[in-house]
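Chain and residue survey
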Amino acid sequence: MCGIIGYVGRRAALPIMMDGLRRLEYRGYDSSGVALVKPEKVTVIKSAGRLSVLEGGLDYDTNLETQGIGHTRWATHGAPTDINAHPHTDSSGKIAIIHNGIIENNRALRTYLEQKGVTFQSDTDTEVLAQLIGQLYDGDLEQAVRLALREVSGTYGIAVVCADEPDLIIAARKGSPLIVGVGQGEHILASDAAAILAHTTQVVYISDNEMARITPDNLRITTLEAIPVAKETEEIEWSLDQIELAGYEHFMLKEIYEQPESLENCLSGRIDLAEGMVHLGGLADCARELARAKRIIVTGCGTAWHAGLVGEYLFEELLRVPTETEYASEFRYRNPVIDDGTIVIAVSQSGETADTQAAIREAKQRGALVLGVVNVVGSTIPRETDAGVYLHVGPEIGVASTKAFTGQVTVLALIASYLGRRKHLSPTAAAQFIKALSEIPDQIRATLQHASTAKQVAQQYANRENWLYLGRGYNYPVALEGALKLKEISYIHAEGLPAAEMKHGPIALITDGMPVVCIATSGTQYNKILSNMSEVRARGGSVIAIATEGDRDIQDVADHVLYVPDTIEPLQPLLTVIPLQLIAYHAAVMRGCNVDKPRNLAKSVTVE
Ligand code: M6R
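Residues numbered from 1 in each chain as written. Predicted model: local features only at pLDDT ≥ 70, side-chain atom pairs only at ≥ 80, totals over all residues. Heavy atoms only, no water.

Observations regarding the nonpolar core
Leu283, Phe315, Ile345, Ile415, Trp467, Tyr469 and Ile583 are the most contacted members of the largest nonpolar core, which totals 90 residues. The two domains that each donate at least three residues to this core are domain 2 (246–438) and domain 3 (449–608). Setting aside its immediate chain neighbours within four residues, Phe315 contacts Ile296, Val298, Arg320, Val321, Thr323, Ile345, Leu412, Ile415 and Ala416. Ranked by size, the runner-up nonpolar core spans 32 residues in total, among them Tyr7, Leu36, Ile196 and Ile236. (Core = buried A, V, L, I, M, F, W, Y, C linked by side-chain atoms within 4.5 Å. Buried < 20%, exposed > 50% of the residue type's maximum accessible area, 1.4 Å probe, protein only. Domains from an automatic or database assignment. Contact = heavy atoms within 4.5 Å.)

Quick look at the packing of aromatic side chains
For the coordinates displayed, the defined rule picks out 5 aromatic pairs. A centroid spacing of 4.1 Å and a plane angle of 10 degrees characterise the contact between Trp305 and Tyr327, whose relative ring orientation is stacked. On the criterion of sequence distance, the pair formed by Trp305 in helix H9 (residues 302–319) and Tyr327 in strand S18 (residues 323–327) is long-range, its members being 22 residues apart. Pairing Tyr461 with Trp467 gives two aromatic rings, centres 6.2 Å apart and planes at 80 degrees, and the pair type is edge-to-face. Owing to a relative accessible area of 1%, Trp467 belongs among the buried residues under this scheme. Chaining the aromatic ring pairs together yields one cluster made of Tyr461, Trp467 and Tyr469. It is Arg110 that lies over the ring of Phe120; its NZ or CZ is 4.3 Å from the centre. (Phe/Tyr/Trp six-rings, centres within 6.5 Å; stacked < 30°, edge-to-face > 60°. Helix = DSSP H or I, 4+ residues; strand = E, 2+ residues; numbered from the N terminus. Lys NZ or Arg CZ within 6 Å of the ring centre and 35° of its normal.)

Considerations on the domain arrangement of the protein
Along its sequence, the protein is organised into domain 1 (3–236), domain 2 (246–438) and domain 3 (449–608). The distance between the C-alpha centroids of domain 1 and domain 2 comes to 34 Å. The interface is formed by 7 residues belonging to domain 1 together with 10 residues belonging to domain 2. The three residues of domain 1 that bury the most area against domain 2 are Tyr26, Arg173 and Tyr205, which together make up 60% of that side's buried surface. Summed over the shared surface of domain 1 and domain 2, the result is 3 residue pairs in polar contact (both at pLDDT 80 or more). Split by residue class, the side of domain 1 that touches domain 2 holds 3 nonpolar, 2 polar and 2 charged. (Buried area = accessible area lost by both parts, 1.4 Å probe. Polar contact = N/O pair within 3.5 Å; in protein donor to acceptor, adjacent residues only side chain to side chain. Nonpolar A, V, L, I, M, F, W, Y, C, P; charged D, E, K, R; others polar.)

Some remarks on a nonpolar patch on the surface
A cluster of nonpolar side chains, contributed by Leu245, Tyr248 and Tyr257, occupies part of the molecular surface with about 220 Å² of accessible area. Structurally, Tyr248 is set in the loop between strand S14 (234–235) and helix H6 (251–257). By relative accessible area, which is 30% here, Tyr248 ends up partly exposed. (Patch = residues over 30% accessible without salt bridge, like charges linked within 9 Å, V, L, I, M, F, W, Y side chains within 5 Å. Areas by Shrake-Rupley, 256 points an atom, 1.4 Å probe, with all protein chains shown as cover. Salt bridge = Lys/Arg side-chain N within 4 Å of Asp/Glu carboxyl O.)

Structural notes on the side chain of Thr402
Within the secondary structure, Thr402 is located in the loop between strand S21 (387–390) and helix H13 (403–420). Here Thr402 falls in the buried class, since its relative accessible area comes to 0%. Setting aside residues no more than four positions away along its own chain, Thr402 makes contact with Met252, Glu255, Ile256, Gln259, Glu396 and Gln581.

Considering the side chain of Thr521
In this structure, Thr521 sits in the loop between strand S24 (515–519) and helix H17 (526–538). Residue classification places Thr521 among the buried residues on the basis of a relative accessible area of 6%. Among the polar contacts made by the side chain of Thr521, one reaches the side chain of Asn475 at a distance of 3.0 Å. Engagement of the side chain of Thr521 in a polar contact is seen with the side chain of Gln572, the distance being 2.7 Å. Apart from the residues lying within four places of it in its own chain, the contact partners of Thr521 are Asn475, Tyr526, Ile546, Ala547, Thr548, Val564, Gln572 and Thr576.

Regarding the site of the ligand
Looking at the ligand, there are 14 residues lining it, with Ser348, Gln349, Ser350, Thr353 and Glu488 nearest. One of the side-chain N or O atoms of Ser350 is found 2.6 Å from an oxygen atom in the ligand. Take Lys485: an N or O atom from its side chain is 3.0 Å from an oxygen atom of the ligand. Contact with the protein chains hides 91% of the accessible area of the ligand, taken as 420 Å² for the molecule alone. The set of elements that each furnish at least two residues to the shell around the ligand consists of H9 and helix H16 (476–490). Along the lines of polarity and charge, the residues of the shell around the ligand split into 5 nonpolar, 7 polar and 2 charged. Two domains share the shell around the ligand, each providing at least three of its residues, namely domain 2 (246–438) and domain 3 (449–608). (Near = heavy atom within 4 Å.)

Okay, structure coming up:
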């Protein structure tokens, strides 16, 4: 979604801000802009379209201002036009603002301001805030922003500058992330660590309902009520090379190939093979309460929801605790039953997804203990949950989630094993499970050796507009995930189904040569899915099977076979998803799609 950058220091702000905006591109946007500040003057340059369009209108030689704010906008209120792009100014042109989020009472505020004689230039809710701050400005920008925010309902991460108060950025946050990078005689404000990493790893996280007064040499955080807040400077654990392409053509491909290492990081220090134990420091304080849970609700959106579905199967099998996986967007509005003993596990790569945040709030309000399974350290969800486990898979830049999915499944497997040992799981069973988990990174390495087969399959079927993905048991969520990957980056229509459901309707779709991906690894339902594959072939469909290494029989019922190493059924999703990620990637490349920035999509969905 939208991205924020702000610089105040002694270097020229423009190149720093443009580099930051480029690093935020992955979040998804449709217009961009910057405001450069010098005494008496704010210069705003903005345009619809890609950053290259904005770049065309910039002059790095003359725009040497040492303070500015920049933004990538993903349109919500008003079309993605030049006028609606951020920054927005008040009528005096001296105050400029960039904003992530939605001002929900913007219509009422707009009417109020119009009655006071304000004329608006854009259709945005953000300009309403700019004008409101302008009306309240009386020589003290911080106070004007504070007063304006009291009138506002909705969500925001904002950065505001004023020509009459150079060397100052006022930032505020409610529901939309903001961090401040701390440098030598400079501060860099951003909505995402990726925009800051090239300059510093020292950051201060701004929390909800806080404001920051940022000058080159000083950073002061207060609550919206002006109460000072003491903040620690923290170290970002990500490195710059993790957010760069490192020779790969796309971040998605890089992140697919990073999975062996990212899962090693995820497992590091958490499994004890000798003892057959899992250690999860983030759950230690509530382990007893968790082990007593009578019901588990896993919630999330998109890929995180698919990982949650694998978690549901894992928890029921290893813990024998009834578990449901719910879309966060449904859970938050549907009056869910939360009894004593219900725990809620929120899964999210970004830790910022609006629906997941709302589901957490709903669950907490109803008294549930809420855990977070999140990748981005310092994001909102870990702050709002009672306890949790980070993925530690490194930054995921590609919009299509890959290593986050395998990280989420791995963490859910760790939690299942951790709690399982406190319930029904015998030491031997736990040790076997953990050993199998520890082998997964190398097994993914082996799976990636067969990447060329996935590419050939993608090339052969990339022109087909409809695909089906079938799986059973633990591989049913993988079928959903494979279909999601294909549709979001290649714009091919794909449906994931529990294989048995095909006969209840979707089988009517199968026509000659239609690609049907069948996940048919060894296990309890192997023969069942072989029957489904035969049914597909009998109707002319082309079967692309994901099978266990050594299974030659499957070649009789499949047109193509992609092999993965053998593992226990609960962990198969960690391997079977790999060829599906590769197929989606290569199909999208074949179709000339923008793999890392698919149309209409944002990396982190911070609005409803
Ligand atoms: O950051 P989150 O994990 O909360 O994001 C949830 C979904 O928006 C996300 O998984 C989305 O479905 C991905 N683009 C799928 O690849």
